[in-house]
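Letter by letter, the chains look like this.
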Amino acid sequence: MILRPGFRVLVAGCGEIARRVHLPYLTTHPCRPEIVLYDTDPATASRAAKEFGLRVHDGPPSAAGAEAAVICTPPSSHADLAVVLLEAGAHVVCEKPLADTIEGAQRIAGAARRHRREVFPCYTNRFRDDVGVFHELLASGEIGKPQQVSARWRRRSGTPGTQGALSAGVLWDLGSHLVDLALRLTGWSGQATVLATATSAEYEPGAADEGWYGSSAPASAAPVVDTVHGLARFSGGGALSLEVSWHAHDVRDEVLIRVTGTRGVAELRTLFGFSPDRRTVPSPAIRVTTDNDPRWRIVLDQQSREPVEYRRQLDLAFSTPRTDPARRLADLTSAVTSVALCDAFARSLTTGASVTALLPEDTRS
Ligand SMILES: NC(=O)c1ccc[n+]([C@@H]2O[C@H](COP(=O)([O-])OP(=O)(O)OC[C@H]3O[C@@H](n4cnc5c(N)ncnc54)[C@H](O)[C@@H]3O)[C@@H](O)[C@H]2O)c1
């Protein structure tokens, strides 16, 4: 969609990500859209209205008369809000995860289709330079066909300070990004058999107080679970190993995605999000080795130190003409696919048993 002067944009949920990313972006956009705020907590809506000089919408979100809506609420509310807004005629930009159940993600995709509206899911790490280079490396075929992916995101002391992330849990907070990338990097879909297990959080007194977002939102409570391990086997032959932790007690935060192919191995070592360790990630960011040359070749030395991917995703969401609706639809389908896998991990965590899920095919060419 293209933002136009006078376009009304409803921002639903005025918490941390809205105030840190979406409202600064929208209030400085050259098209000067009309922005209205909505939050089930009136005090949070008023605080954001005061901070950014905006008006609070009084009434249900469907009655805001918005051409576009940005959903920045906790994941459990994304599906209902998105469907209501799509039915009311708005295009939707939705924070990740698209939904926290496969049924919710499919309802959103169905409503987008029925009402011919766009849904842009903010899987922010899709828009990073290092992820783009890693994707190209895998697509080049240098390491052959991907067979195994090991994806981990460990925060040394990174329990979120917001209800949005805390209520979602570490699997949906960090794991949804990694699952989304693993599937996009490999193109795996079809039937997946998954098993997940979690470690319950045991915090020393005061350890949760630091809060991920620093002083603006200290963690209100320790989570029940702070680390999740998952394994997924795909009917086409691939295997994914996942590890996500809010409280890994490590020296530093890290993200590591290692892909083993039929001819070699490629690694992306980086850091996503607003981690304070992001400025000092050890290099190289991407390296590769193959059976023909068993030495590491450096493909990318450093990751971007600044979190530019947050603005970049919104530039794409709000400034790209609808020249390629097929591509938009495919990006939404791949978000639905990643929700399907996360949902399977979540069900395995709940039941303690392995779960089989059918992942919709990723239709990107
Ligand atoms: N893309 C990223 O890298 C990234 C980073 C951080 C958070 N997020 C996502 O952003 C979303 C919000 O996270 P946050 O950290 O800002 O949470 P938050 O708790 O700070 O803010 C959520 C706000 O939504 C409001 N709210 C709850 N239910 C609502 C509803 N039904 N309608 C309207 N308002 C409602 C709450 O009152 C609160 O003000 C989550 O989906 C999270 O996963 C994404």
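Residues numbered from 1 in each chain as written. Predicted model: local features only at pLDDT ≥ 70, side-chain atom pairs only at ≥ 80, totals over all residues. Heavy atoms only, no water.

Enquirer: Give a description of the site of the ligand that names residues and reports values.
Expert: Neighbouring the ligand are 26 residues, the closest being Ile 17, Asp 39, Thr 124, Thr 162 and Gly 164. The separation between an oxygen atom of the ligand and a polar side-chain atom of Tyr 310 is 3.1 Å. Notes on the ligand: free accessible area 850 Å², of which the protein chains cover 87%. Going through the elements one at a time, helix H1 (16-27), helix H3 (78-87) and helix H6 (163-168) are the ones with two or more residues in the shell around the ligand. (Near = heavy atom within 4 Å. Polar contact = N/O pair within 3.5 Å; in protein donor to acceptor, adjacent residues only side chain to side chain. Areas by Shrake-Rupley, 256 points an atom, 1.4 Å probe, with all protein chains shown as cover. Helix = DSSP H or I, 4+ residues; strand = E, 2+ residues; numbered from the N terminus.)

Enquirer: Just give me the short version of the nonpolar core, but keep the residues and values in it.
Expert: Grouped together as the largest cluster of nonpolar side chains are 80 residues, with contacts concentrated most on Leu 98, Phe 134, Leu 240, Ile 257, Leu 341 and Phe 345. When residues of this core are assigned to domains, at least three map to each of domain 1 (8-122) and domain 2 (127-305 + 339-359). Ignoring anything within four residues of it in the chain, the contact list for Phe 134 reads Leu 185, Ile 257, Val 259, Ala 266, Glu 267, Leu 268 and Ile 286. Among the nonpolar cores identified, the runner-up in size contains 29 residues, and Met 1, Leu 3, Cys 14 and Ala 48 belong to it. (Core = buried A, V, L, I, M, F, W, Y, C linked by side-chain atoms within 4.5 Å. Buried < 20%, exposed > 50% of the residue type's maximum accessible area, 1.4 Å probe, protein only. Domains from an automatic or database assignment. Contact = heavy atoms within 4.5 Å.)

Enquirer: Kindly report on the sheet that holds strand S1 (residues 8-12), identifying the contributing residues and their values.
Expert: Taken in spatial order, the six strands make up an open sheet running S3-S2-S1-S4-S5-S6, and their pairing is parallel. Edge positions in the sheet fall to strand S3 (55-56) and strand S6 (119-122), since each of these pairs with one other strand and no more. Sheet topology places strand S2 (residues 34-38) next to S3; two bridges connect them, and they run parallel. Looking at the pairing, Leu 37 lines up with Val 56 of S3. (Pairing = 2+ DSSP bridges.)

Enquirer: So what about the pattern of salt bridges? Which residues, and what values?
Expert: Opposite charge on two side chains permits pairing when their charged atoms draw close. For the structure on display, the rule yields 24 salt bridges. With a closest N to O distance of 3.0 Å, Arg 128 and Glu 309 form a salt bridge. Placement of the pair is Arg 128 in the loop between S6 and helix H5 (129-139) and Glu 309 in helix H8 (residues 309-319), with a sequence separation of 181 residues. The exposure class of Glu 309 is buried, given its relative accessible area of 1%. Taking the shortest distance from any N to any O, the salt bridge between Glu 309 and Arg 278 comes out at 2.8 Å. Highlighted residues: Glu 309 in helix H8 and Arg 278 in the loop between strand S12 (264-270) and strand S13 (286-290), separated in sequence by 31 residues. This pair shows no difference in class: Glu 309 is buried, exactly as Arg 278 is. A network of salt bridges, in which partner residues are shared, links Arg 152, Arg 154, Glu 243, Asp 250, Glu 254, Arg 258, Glu 267, Arg 269 and Arg 287. (Salt bridge = Lys/Arg side-chain N within 4 Å of Asp/Glu carboxyl O.)

Enquirer: Which residues make up the domain arrangement of the protein, and what are the values?
Expert: Assigned domains of the protein: these are domain 1 (8-122) and domain 2 (127-305 + 339-359). On the domain 1 side of the contact with domain 2, Glu 16, Arg 20 and Lys 96 bury the most area, a combined 40% of that side's loss. Our enumeration of links across domain 1 and domain 2 arrives at one salt bridge. Here Lys 96 and Asp 173 are joined by a salt bridge, their closest N and O atoms 3.3 Å apart. Inspection of the domain 1/domain 2 interface yields two residue pairs in polar contact (both at pLDDT 80 or more). Secondary-structure elements contributing two or more residues to the side of domain 1 that touches domain 2 are H1 and helix H4 (102-115). The element that contributes the greatest number of residues to the side of domain 1 that touches domain 2 is H1, accounting for four residues. (Buried area = accessible area lost by both parts, 1.4 Å probe.)

Enquirer: So what's going on with the sheet that holds strand S7 (residues 146-154)? Which residues, and what values?
Expert: As summarised here, the arrangement of the nine strands in space is S14-S13-S12-S11-S7-S10-S9-S8-S15, forming an open sheet in which the pairing is mixed. At either end of the open sheet lies a strand with only one pairing partner, and these are strand S14 (293-300) and strand S15 (355-359). If you compare each strand with its neighbour and ignore which way they point, the axes differ by 15° on average. Two strands pair when backbone bridges link them, and strand S11 (residues 254-261) and S12 are joined in this way by six bridges, in the antiparallel orientation. Considered in S12, the bridge of Leu 256 is made with Arg 269. Most of the contacts of H5 go to S12, to which it runs at about 175°, and overall it touches S11, S12, S13 and S14. The strands touched by helix H7 (residues 170-186) are S7, strand S9 (225-234), strand S10 (239-245), S11 and S15; relative to S10, the strand with the most contacts, the crossing angle is about 150°. (Axes fitted to C-alpha atoms, helices over the stretch in contact; angles between N-to-C directions.)

Enquirer: Tell me about the pairing of S10, and name the residues and values.
Expert: Burial within S10 is extensive, with five of its seven residues counted as buried. Pairing of S7 with S10, which is carried by seven bridges, proceeds in the parallel orientation. Bridged to Ser 150 within S10 is Ser 241. Pairing geometry for S9 and S10, over seven bridges, is antiparallel. From the neighbouring strand, Gly 230 faces S10, where its bridge partner is Leu 242. Count of turn residues in the S9/S10 antiparallel hairpin: four residues, of which Gly 237 carries a positive phi of about 120°.

Enquirer: Quick one: what's the story with the packing of aromatic side chains, residue by residue and with numbers?
Expert: With the rule as written, the count across this model stands at five aromatic pairs. With a centroid separation of 6.1 Å and 25° between ring planes, the pair formed by Tyr 25 and Phe 318 is classed as stacked. Taken together, the positions of Tyr 25 in helix H1 and Phe 318 in helix H8 put the pair 293 residues apart, joining distant regions of the chain. Given a relative accessible area of 2%, Phe 318 falls into the buried group. Here the aromatic rings of Trp 188 and Phe 234 are separated by 5.0 Å at their centres, their planes lie at 40°, and the arrangement is tilted. Of this pair, Trp 188 sits in the loop between H7 and strand S8 (190-200) while Phe 234 is found in strand S9, placing the two residues 46 residues apart along the sequence. Take Trp 188: its relative accessible area is 11%, and that puts it in the buried class. Overall, Phe 234 belongs to the buried group, its relative accessible area being 3%. Positioned above the aromatic ring of Phe 274, the side-chain terminus of Arg 20 is 4.4 Å from the ring centre. (Phe/Tyr/Trp six-rings, centres within 6.5 Å; stacked < 30°, edge-to-face > 60°. Lys NZ or Arg CZ within 6 Å of the ring centre and 35° of its normal.)

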